[in-house]
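Analysis of the macromolecular model
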Amino acid sequence: MPTEEFKQNRTSNQVQTFLLILAMTGLLGLTGFLILGWFGFLTALGLLIVGILFSKQASAAMVLRLYKARPIGRQQAPQMVQMFEELCRRADLGFQPTLHYVPSRMPNAFACGTGNDAGVAITDGLIRMLNSRELAGVLAHEIAHIRNDDLRVLGTADAISRTVSFLSRIGFFLVLLSISGTLFGDGFLGPMIAGILLFIAPTAVVLLQLAVSRTREFNADLGAAELTHDPEALASALLKLEKLSQHHGLIDQIFSPGRRRSQPAMLRTHPATDERVERLMSLGIQPPRIDLPPQPSHRVLVRRWPRIEQRPAYHWISGLWY
C-alpha cells in the first residue's frame, strides 16, 4: 500500500497542476480583457474552448510512424511484453496500450495517444543501457503518464499557451497603434501599461506551461513507484541518463564549445534529476514481488534487431531527433 507521504506527494502534485492550469487560464482571460474588455475576456475563453474541442491530439500511430517504430510482439520479446502487460494490469487502465521499439541509439522512451489509441515506445539505445528493474521503472513511468491522462493535460496547457501568444500579438499591435494616436495627448499611460502586460504575457504563460510539464513528470514518477513498488529502479535509470547527458556530444561541441552550464530550473520541461531521485528515494515503498527477467534487458531483443550503429540525427521533415 502507498505510504502516507506518497499520498501527500501525489495530492500536492495534482493540486499544483490544477493551480497552474488555472493561472494560465487567468492569464488568457487577462490578455483578452486588455484588448477588448469583458467582451475580449469572454472571446478569449471561447477561443480556448473551441481550440480544445476541435484540436485533436496526434494519434499514436502517426507519432510512431514518424519515429519508424515497430510493434514488439510476445514472440519477439516475451519477457519485455510480459513485464509491460503486468504493469498495465496493475495500472487498471481498462485497455491495453501497445508497446513499440524505436531503432535509434538515442536513449528515450515516450507515451503517445490517449485511451484505446495509447502506445508506449522505447528506443534501442535505452533498452541496451538499462537492466530489467530499471526498464520496468521507465515503462511504468510512461504507463503512469497514460493513466494520469497527462497528454490531454499538456495538450490543454499548449492550447492555452498558443491562444495567449496569438491574442498578445494582436493586442500588442493594437496598443502600438493606440499609443501612436495618443502620444501627444493625456491617454498615454494606460496603453503603455497594457502594452507591457501584453508583451510579457506569452513568456509568462510559457513558464507556467513548463511548470505544468514538470509537475506531471513528478506525478508520473510517483505513479511508476506505485506500479513497481520499486522507486529505486526508476531513480537508478534516471541517474544513468543524467550521467550520459554530462558527456559532450557533437551538438554541444558546435553550439556550446565552452564549459557546460546547467539549464535554469524554470526553463526545464522535466524536473532536475537530483530532485526526482530524492523524491523517489523518500517514498519508502516496500520492494516488489513482481516477476521480472533477471538478465540484462538488451537480451530480450531478437537477433534480427541488430545494434544500431547510426548516430542520432535531426530529421528536418518531422522535426524530431532520433
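Each remark here, short or long, concerns the structure printed above.
What you see is a predicted model; the values in this text were computed from it and never measured. (Residues numbered from 1 in each chain as written. Predicted model: local features only at pLDDT ≥ 70, side-chain atom pairs only at ≥ 80, totals over all residues. Heavy atoms only, no water.)

1. Some points on the overall build of the protein
Secondary structure assignment for the protein yields 10 helices and 6 strands. Across the protein, the fraction of contacts at a sequence separation of at least 24, relative to all contacts at a separation of at least 6, is 76%. Of the roughly 18100 Å² of accessible surface on the protein, 61% is carried by carbon and sulfur atoms. (Helix = DSSP H or I, 4+ residues; strand = E, 2+ residues; numbered from the N terminus. Contact = heavy atoms within 4.5 Å. Areas by Shrake-Rupley, 256 points an atom, 1.4 Å probe, with all protein chains shown as cover.)

2. A few points about the sheet that holds strand 1 (residues 70-71)
One open sheet accounts for 4 strands, arranged 1-2-4-3; its pairing is mixed. The open sheet terminates on both sides in strands that have one partner only, identified here as strand 1 and strand 3 (109-112). Two strands pair when backbone bridges link them, and strand 1 and strand 2 (residues 98-102) are joined in this way by 2 bridges, in the antiparallel orientation. Paired with Arg 70 across the strands is Tyr 101, a residue of strand 2. (Pairing = 2+ DSSP bridges.)

3. Describing the nonpolar core
Formed by 39 residues in total, the largest nonpolar core has its most connected members in Leu 139 and Ile 143. Apart from the residues lying within four places of it in its own chain, the contact partners of Ile 143 are Phe 84, Leu 87, Cys 88, Ala 91, Leu 93 and Leu 227. In this structure, Met 24, Ala 157, Ile 160 and Val 212 belong to the second largest nonpolar core, which totals 16 residues. (Core = buried A, V, L, I, M, F, W, Y, C linked by side-chain atoms within 4.5 Å. Buried < 20%, exposed > 50% of the residue type's maximum accessible area, 1.4 Å probe, protein only.)

4. Topic: the pattern of salt bridges
The full count for this structure, using the stated rule, is 13 salt bridges. A salt bridge links Glu 134 to Lys 240, with the shortest nitrogen-to-oxygen separation between them at 2.9 Å. With Glu 134 in helix 5 (residues 132-147) and Lys 240 in helix 8 (residues 231-245), the pair connects residues that are 106 residues apart, well separated along the chain. Its relative accessible area of 3% is what places Glu 134 among the buried residues. The shortest N-O distance in the salt bridge between Arg 276 and Glu 217 comes to 3.8 Å. Linking Arg 276 in helix 10 (residues 273-281) with Glu 217 in helix 7 (residues 189-228), this pair joins segments that are 59 residues apart in sequence. Take Arg 276: its relative accessible area is 7%, and that puts it in the buried class. (Salt bridge = Lys/Arg side-chain N within 4 Å of Asp/Glu carboxyl O.)

5. Things to note about a nonpolar patch on the surface
Together, Leu 47, Phe 166, Ile 170, Phe 173, Leu 174 and Leu 177 make up a nonpolar patch on the protein surface, roughly 560 Å² of accessible area in all. Considering every element that reaches the nonpolar patch, the biggest residue donor is helix 6 (residues 150-182), with 5 residues. Along the chain, Phe 166 falls in helix 6. Relative accessible area serves as the criterion here: at 46%, Phe 166 is assigned to the partly exposed category. (Patch = residues over 30% accessible without salt bridge, like charges linked within 9 Å, V, L, I, M, F, W, Y side chains within 5 Å.)

6. A word on the environment of Leu 34
Relative to the elements of secondary structure, Leu 34 occurs in helix 1 (residues 4-54). Placed 138 residues apart in sequence, Leu 34 and Phe 172 show a C-alpha to C-alpha distance of 9.6 Å. The contact partners of Leu 34, leaving out residues within four places of it in the chain, are Ala 194, Leu 197 and Leu 198.

7. Quick notes on helix 10
Of all the positions in helix 10, only Thr 273, Arg 276, Val 277 and Leu 280 are classed as buried. Along helix 10, the residues classed as buried sweep out an arc of 95 degrees about the axis, all on the same side. Along helix 10, the residues that are exposed and aim more than 90 degrees away from the buried face are Asp 274 and Glu 278. (Arc of directions from axis to C-beta.)

Don't take any of this as a statement about function, it's just geometry.
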